[in-house]
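# Notes for the structure review
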Amino acid sequence: MACTHIHGFPRIGANRELKFAQESFWRGESDDAYLRSVAQALRARHWEQQRAAKLDFVTVGDFAYYDPMLNLTALLGALPERFGFEPASLSLAQYYELARGNKAQPAMEMTKWFDTNYHYLVPELGPDTTFNGGVSWFFDEIDEALALNLPVKPVLIGPITYLWLSKSQTPGFDRLSLLPKLVIRYVRILDALKQRGIEWVQIDEPALCLDLEGEWLEAFSAVYDVLGASGVKVLLATYFDTAADHATLVAQLPVHGVHIDLIRAPEQLEVWRKALPADKVLSAGVVDGRNVWRADLGAIAGSLQTLHAERGDQLWIAPSCSLQHVPVTLASEKKLDAEVKSWLAFATEKLDELGVIALALRDPAAAQAQLAATDAALATRRSSSAVMNVLVQRKVATVTDAMASRKNPFEDRSRVQRHSLKLPLLPTTTIGSFPQTPAIRQARAAYKRGELRALEYLERMRAETATVVRKQEELGLDVLVHGEVERNDMVEYFAERLWGYALTESGWVQNYGSQCVKPPIIYGDVFRPEPMIVDGACYAQSLTDRLVKGVLTGPVTMLEWSFVRDDQPRTTTALQLALVIRDEVLDLEKAGIRIVQIDEPAFREGLPLRKSNWAEYLEWATRAFRIAAGGVSDATQIHTHMCYSEFNDILPAIAALDADVITIETSRSSMELLDGFGAFAYPNGIGPGVYDTHSPRVPSVETMQGLLERACEVIPAERLWVNPDCGLKTRGWPETEAALANMIAAARTLRQKLEAEHNGARAA
Ligand code: GLN
Ligand code: ZN
């Protein structure tokens, strides 16, 4: 009988219980004991769900008070030295100081977990790092589960992935040199598991799905020759991409099983089938841990038949990766369209899917009813008029290559725009959103609850827009925005206005710490029944003589931050989104808006883990953006915006977007980004962010002027824009006004200086 198991369950809870308990603890409104009790209840509930779904194992160790990487750091005792905490007695309060910073120390760095939208805390390692002491939470949780008589399978992030995802605090320090010490600690951990009678431990090494080189790959033998002999059976888990190129290497390790992601890389099944000895467990990741669609259980069982015949009990059934990337349960969704709902499976529903697959393999007749129910739901999905929209299909059929290009090259456009827009040297602007005040949030909530009529709501939002426009005029910005006052979220707002998108009430997914996002679901052809932001932008423009820039979310970001349909290639969905945005941009142009910004903060996020797949992604993602932007005349200036990513390795693709201007966050990468833009000779307009909008700190005029002067060294002043790093939505008004006033002063000073130099040169 094929065993069933998961890698991890969403920790936040169906009602985001963990988030609220954390935040109350941070505010000092509740103590340690309360937070621990909430956490314990959540774990117990999630284990009970796994037991009730009759999984063969209950996964323990996937819980974290903030982040699993931070938990592992706390377990290993490898705390960043700068905090001066004692590893063995780390309190929850101190744990959170690591995650969020304290008066003396900034927080540990946070970065994206592989190609997901989840962010982990980056361990800080150096030659003096030791792996001694540390908290006992991991073992406490195992004991908690054992006390409930559950079939416990602990999960740990593996030592190689841990080191790979860490950073060295000392320049030139080789993290891998810590491996021997780290392995000794893992051996001790596995010993402690053995003493508890644990049979299997899952060790996650998703790093094996990256482009790993020489000594990093060699490290696998060094580590697993030791850990494989520990007396606890090791399931080595890979996910997020193929690990097939390392199958021979892994097959030789003395581990007892391997997990592979067959959603991301189904083709690797054959490789592993042949490479992995038959007495080893092959855990097949066949239920999508990254998406919300109901699995085709019959087809999955069918595809595993040969493997099952060959391997019997040594075949395990699992989701592709941890279920933390999908919402907790469909049961909370009361408003979701019933038909769409029948096509979905969130974490809770996916638990049941595993059991049906296992049953279908063992006793197809017994699984008949469940398979038939799934088939019926999937059949309605295939034939539903909600999915296929002829208007969209017709439009897609008319797409030509010419649509992916502006009419003329940048030099020509910029000449036209210089004449028509009449902007000063170093024009100042913002990224789009302004502070979302409590009044705005309250009005939106009241409107959603039905307590505010549509017209009243519109009037309130217009009043807010008017305030934002007036403040921008008073500050003296050159290009204004309407402030995104009515936008709750830059993806959800548009999703609510498009056909083919469904929104959930409680489909929360942890983004980092207590922060959750509710990605909308694209289930059908994406269609725009009417303009989405034209009214707001035009209203703002009607209030001022200055130029108002229309701001909307680009096709790649709409795709990346949604759950995307799996019944057609992502590229097709991206194209549909591109056409929708293109029409909106054209409507803005028609309505007299002369600058349009198409935000693509997630452009870099879509980049595949393997470099060999980059070119293909960049090709279609770039094309989607270019189609969105390509309809307008030369005189309309297209901006794009990107932030919080590593840009230097994709600069040619960013240039290929051919936006007239890119505003881009630089506070995180600081000069590095400018170096990249200088070396690559970025051809169009660029606004490197001159201050960090994620902090309430107000930078001085001198600081920002200094940054601008440095920018002038690599980017010709005629192409330089002045703006903050990102939107101002999370900021308060006082710091926003102060920072923008300084930013504008810096731009003006430098402008005068450059103009004086220019005139001087002319006179001479
Ligand atoms: N226009 C958006 C804003 O200003 C951009 C947000 C983002 O880049 N994440 O809020
Ligand atoms: Zn941004």
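Fair warning: this is a prediction, and the values are worked out from it, not measured in the lab.

Looking at the zinc ion (ligand 2), one finds its protein donor set to be His641 (NE2), Cys643 (SG) and Cys726 (SG), positioned 2.0 to 2.3 Å from the metal centre. Note that the zinc ion (ligand 2) binds four donor atoms; their angles at the metal cover 95 to 122°, and the shape is tetrahedral. Mapping the donors of the zinc ion (ligand 2) onto the primary sequence yields the spacing H-x1-C-x82-C. Within this pair, whereas Cys643 is found in the loop between β20 (637–642) and α24 (651–656), its partner Cys726 is found in the loop between α26 (701–714) and α27 (733–763), the two being separated by 83 residues in sequence. Judged on exposure class, the residue Cys643 and its partner Cys726 are both buried.

Okay, the UniProt feature "binding site: L-homocysteine" (unreviewed entry) in the protein chain next. The UniProt record annotates "binding site: L-homocysteine" (unreviewed entry) at Ile431, Gly432, Ser433, Glu484 and Asp599. Considering the C-alpha atoms alone, the annotated residues occupy 169 residues of sequence yet fold into one spot, their largest mutual distance being 12.7 Å. Within the secondary structure layout, Ser433 lies in the loop between α16 (410–421) and α17 (438–448). Leaving out residues up to four positions away in the same chain, Ser433 has contacts with Gly483, Glu484, Gly727, Leu728 and Lys729. Its location among the elements puts Asp599 in strand β19 (residues 595–599). In this structure Asp599 comes out as buried when scored by relative accessible area, which is 4%. With residues near it in sequence (within four places) discarded, Asp599 still touches Ile431, Glu484, Met490, Val551, Leu552, Thr553, Gly554, Thr557, Thr640 and His641.

If you check helix α13 (residues 347–362), its first and last C-alpha atoms are 24 Å apart, about what 16 residues at 1.5 Å a residue would give, namely 22 Å. In terms of burial, α13 is a largely internal element, 13 of the 16 residues being buried.

Let us now look at the layout of surface pockets. A volume near 670 Å³ is recorded for the second largest pocket. What lines the second largest pocket is a set of 22 residues, among which Tyr457, Glu486, Tyr493, Arg497 and Met532 lie closest to the centre. Looking at which element gives the most residues to the lining of the second largest pocket, the answer is helix α18 (residues 454–475), with six residues. Its residues assigned to classes, the lining of the second largest pocket shows 11 nonpolar, three polar and eight charged.

With respect to spatial proximity, the complete set of residues near ligand 1 consists of Ile431, Gly432, Ser433, Glu484, Met490, Val551, Asp599, Pro601, His641, Cys643, Cys726 and Gly727. Ile431 places a main-chain nitrogen or oxygen 3.1 Å from a nitrogen atom of ligand 1. Contact distances for ligand 1 include 2.8 Å between a nitrogen atom and a side-chain N or O atom of Glu484. Relative to its unbound accessible area of 300 Å², ligand 1 is 89% covered by the protein chains.

What follows is about α27. End to end, α27 covers 44 Å across 31 residues, agreeing with the expected 45 Å (1.5 Å per residue, within 8%). Of all the residues in α27, the buried ones are Trp733, Glu735, Thr736, Ala739, Leu740, Met743, Ile744, Ala746, Ala747, Leu750, Arg751 and Leu754. At its buried positions, α27 is contacted by α18 and α26.

Our focus in this paragraph is the sheet that holds strand β11 (residues 281–287). Taken together, eight strands build an open sheet; the order of strands is β1-β12-β11-β10-β9-β8-β6-β2 and the sheet is parallel. Two strands lie at the open edges of the sheet, namely β1 (3–4) and β2 (58–60), each paired on one side alone. Direction of pairing for strand β6 (residues 152–157) relative to strand β8 (residues 200–204): parallel, over a ladder of three bridges. Paired with Val155 across the strands is Gln202, a residue of β8. Contacting β2 and β6, helix α5 (residues 137–147) crosses the sheet at an angle of about 165° to β6.

Before going further, it helps to examine the nonpolar core. Membership of the largest hydrophobic core comes to 120 residues, with the highest contact counts inside it found for Trp113, Tyr162, Tyr224, Trp272, Leu304 and Ile317. At nine residues, α13 tops the list of elements feeding residues into this core. Other than its neighbours up to four places away in sequence, Trp113 contacts Met69, Tyr118, His119, Tyr120, Ile157, Leu165, Pro206, Tyr239, Phe240 and His325. Within the second largest apolar cluster, 100 residues are counted, among which are Val469, Ile522, Leu575 and Leu577.

Attention now moves to the sheet that holds strand β18 (residues 547–553). In spatial order, the strands read β13-β18-β19-β20-β21-β22; together these six strands make up an open sheet with parallel pairing. A strand with exactly one partner marks an edge of an open sheet, and here the two such strands are β13 (479–480) and β22 (685–688). Bridge count for β19 against β20 is five bridges, and the pairing is parallel. Each residue of the ladder has a partner; that of Ile595, found in β20, is Gln637.

The next thing to look at is the packing of helix α1 (residues 17–26) against helix α2 (residues 32–52). Packing of α1 against α2 brings their axes to within 9 Å, and their N-to-C directions diverge by 170°. Judged by the angle between their axes, α1 and α2 are roughly antiparallel. On α2, the residues touching Glu17, Leu18, Ala21, Gln22 and Phe25 of α1 are Asp32, Tyr34, Leu35, Val38, Leu42 and Arg45. Looking at side-chain class alone, the contact of α1 with α2 contains seven nonpolar, one polar and three charged residues.

Across all of its chains, the model carries 26 aromatic pairs by this definition. Between Phe603 and Tyr617, the aromatic rings sit 6.2 Å apart at their centres with planes inclined by 50°, giving tilted as the arrangement. Here Phe603, found in the loop between β19 and α23 (614–629), pairs with Tyr617, found in helix α23; they are 14 residues apart in sequence, far enough to count as distant. When sorted by exposure, Phe603 lands in the same class as Tyr617, which is buried.

Rules behind the numbers
Residues numbered from 1 in each chain as written. Chains lettered and ligands numbered in written order. Predicted model: local features only at pLDDT ≥ 70, side-chain atom pairs only at ≥ 80, totals over all residues. Heavy atoms only, no water. Donors = N, O, S within 2.8 Å, 3.2 Å for Na, K, Ca; no water. Tetrahedral: all angles 85-135°; square planar, octahedral: opposite > 155°, others 65-115°. Helix = DSSP H or I, 4+ residues; strand = E, 2+ residues; numbered from the N terminus. Buried < 20%, exposed > 50% of the residue type's maximum accessible area, 1.4 Å probe, protein only. UniProt positions renumbered as here; feature names shortened; annotations may be inferred. Contact = heavy atoms within 4.5 Å. Expected span 1.5 Å × (residues − 1). 1 Å grid on protein atoms, 1.4 Å probe; cavity = no way out; pocket = protein on both sides within 12 Å on 5 of 7 lines; lining within 4 Å. Points joined across faces, edges and corners; volume = space filled by probe spheres on them. Nonpolar A, V, L, I, M, F, W, Y, C, P; charged D, E, K, R; others polar. Near = heavy atom within 4 Å. Polar contact = N/O pair within 3.5 Å; in protein donor to acceptor, adjacent residues only side chain to side chain. Areas by Shrake-Rupley, 256 points an atom, 1.4 Å probe, with all protein chains shown as cover. Pairing = 2+ DSSP bridges. Axes fitted to C-alpha atoms, helices over the stretch in contact; angles between N-to-C directions. Core = buried A, V, L, I, M, F, W, Y, C linked by side-chain atoms within 4.5 Å. Parallel < 35°, antiparallel > 145°, perpendicular 65-115°, else oblique. Phe/Tyr/Trp six-rings, centres within 6.5 Å; stacked < 30°, edge-to-face > 60°.

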